[in-house]
Amino acid sequence: MSIQIHNSLSGKKEEFIPIKDKEVRMYTCGITVYDRSHIGHVRSLYVFDVIRAFLKFSGYNVIFVRNITDIDDKIIDRANETKRSASDVSEEQIRFYYEDLKALGITPGDVEPKATEDIPDMITHIQGLIEKGFAYPMAGDVYFDVRAFKDYGKLSGQSIEKMHEAVRIEKNSQKKDPLDFVLWKSSKVGEPTWDSPWGGGRPGWHIECSCMSMKHLHTHTLDIHAGGRDLIFPHHENEIAQSEALTGVTFAKYWIHHGLLTINGQKMSKSTGNFITIEQALSKYSVDEIKMFFLFSHYASNIDFSEEKILEARKALNKFDVLFYRASGLIKGKNVEPVQAGFVSKYKHEFMQAMDDDFNTSKALAALFSLINDTNTWIDQNTDDPNYLGVIYHAVDILENLARNIFGLFLQEKEKELPAELKALLEERVQARELKNFKRSDELRVMLKEKGVAVEDGKNGQTWRWI
């Protein structure tokens, strides 16, 4: 099965066919570095890291670019609030951003350009739009003329007339049309400024992504442009307009947008305290718990972050830990060669099918849990099979390979062992049975069941599985 992608531009699933053989040029909008990144940013960073990893796993050569917006009104406002320069604010937050990426085990882009490094290219792009009649200077600013671009609205599916109903009319605006957007913004006194043909100023937000994506991917047509659904309009709509107006070719072949995130059913808001930074999340939850939470849902769906969902993720991860612990106890120190088994191949195939189908991590994860369940059953019921250990070795190897190399789980090196609390209870129960303290043994069985572990006693001693 070929990879199918839901393309926001067409509104339907399409077969993924890169422009150039097995080479994928992918761009995603990055962060604006005025404050610490939050849990909503993790979804974008992680989702597109998984998609990139799966494409590589499937044999594609992926060139991945993610920008950093290091000049913006929010950065200037934060600089004024803290009595620092805008560059000091942005550089500090860029450092925090890379610390967060490392802590999350998320791979940086092949190139992560800063907007301030590519301003000359943006000026050249804007000049080209003016020369072609798609932009106009006005009192030190430069605006894109939306009505000059006939395909405006094709990504969001809106007509210009419909957009006019919702647009906010700016006071004292000199724009020809309320929908026209800024390409170059004149600087106020004391603000960062760059020389341009229209006077000192800085680029608008939208123009950054067009210029940096085409420059650093070395193409006018990207294979994939990705971002959050909240960026479809106006940001991505404006990117298309200002890019295609200049080049005359399609800006991006496939558009991928992830859903939005709420916290405890409410929109994230600093003012109400409903806000979690990456640093705060990692102080309370493990990296794998956060990743598992996101894997539970398809990337395009809206999701709600809550303590209950993290506990579900923790329980799901324990299923991996239990199997890894059991397999390690059986295989460790032995010379075991992998032996293929039908159920292992079946679930690997289901995993790949799910990911081929618009990167459906929820269904792919279900295939891994089925593999865990059947491997546990194999361990319990096939001790006399001559390939007993070889099948276990192969199943765990496939499980780790898919979980680690595509989902980015278990990247932190650690011995694969049962969580300490459960391990202690299981060991105490073994001791209780050896001492014929069956009352305590039964009590421990109930305690373990409450924690999701079923215990059985057989000819090979005590065994357990996650329920």
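In case you missed it, the structure is sitting above this.
Reading the values: rules and limits
Residues numbered from 1 in each chain as written. Predicted model: local features only at pLDDT ≥ 70, side-chain atom pairs only at ≥ 80, totals over all residues. Heavy atoms only, no water. Helix = DSSP H or I, 4+ residues; strand = E, 2+ residues; numbered from the N terminus. Buried < 20%, exposed > 50% of the residue type's maximum accessible area, 1.4 Å probe, protein only. Pairing = 2+ DSSP bridges. Right-handed = clockwise from strand over helix to strand, strands pointing away. Axes fitted to C-alpha atoms, helices over the stretch in contact; angles between N-to-C directions. Parallel < 35°, antiparallel > 145°, perpendicular 65-115°, else oblique. Contact = heavy atoms within 4.5 Å. Nonpolar A, V, L, I, M, F, W, Y, C, P; charged D, E, K, R; others polar.

Asks: So what exactly am I meant to see when it comes to unusual backbone geometry here?
Replies: Most of the time, phi is negative for any residue but glycine, and the peptide bond is trans. Note that the residue after F233, namely P234, is joined by a cis bond; omega there is 5°. Unlike most non-glycine residues, H218 shows phi in positive territory, near 55°. Mapped onto the fold, H218 is located in the loop between α6 (205–217) and β9 (222–228). The backbone of D358 shows a phi angle near 60°, a positive value even though the residue is not glycine.

Asks: Quick question: what am I supposed to make of the pairing of β9 here?
Replies: Both faces of the sheet carry side chains from a regular strand, because those side chains alternate between them. By the criterion of burial, β9 is predominantly enclosed, with 7 of the 7 residues buried. The sheet contact formed by strand β3 (residues 23–28) and β9 spans 3 bridges and is parallel. The residue of β9 that forms the bridge with M26 is I224. Pairing geometry for β9 and strand β10 (residues 252–258), over 6 bridges, is parallel. Bridge pairing links I224 to Y254 in β10. The parallel pair β9 and β10 is bridged by helix α7 (residues 232–247), and the resulting crossover is right-handed.

Asks: It is not clear to me how the packing of helix α1 (residues 39–57) against helix α9 (residues 287–295) should be interpreted in this structure. Could you clarify?
Replies: Where α1 contacts α9, the axes come no closer than 11 Å and their chain directions differ by 70°. The orientation of α1 with respect to α9, classified from their angle, is roughly perpendicular. Two secondary-structure elements touch here, α1 through I39, V42, R43 and Y46 and α9 through I290, K291, F294 and L295. Partitioned by chemical class, the residues of the contact of α1 with α9 number 6 nonpolar, no polar and 2 charged.

Asks: I would appreciate a short explanation of the sheet that holds strand β5 (residues 135–138) in the present structure.
Replies: What holds strands together in a sheet is hydrogen bonding between their backbones, with the strands either parallel or antiparallel. A sheet is described by the order of its strands in space; here 4 strands give the open sequence β5-β6-β7-β8, paired in antiparallel fashion. Looking at which strands have only one partner, the edges of the open sheet turn out to be β5 and β8 (201–203). Pairwise comparison of adjacent strand axes, ignoring direction, gives a mean angle of 20° for this sheet. Sheet topology note: the β5/strand β6 (residues 141–144) ladder contains 4 bridges and is antiparallel. Within β6, the position partnered with M138 by the bridge is D141. Relative to strand β7 (residues 181–186), helix α4 (residues 119–131) is tilted by about 125°, and along the sheet it contacts β5, β6, β7 and β8.

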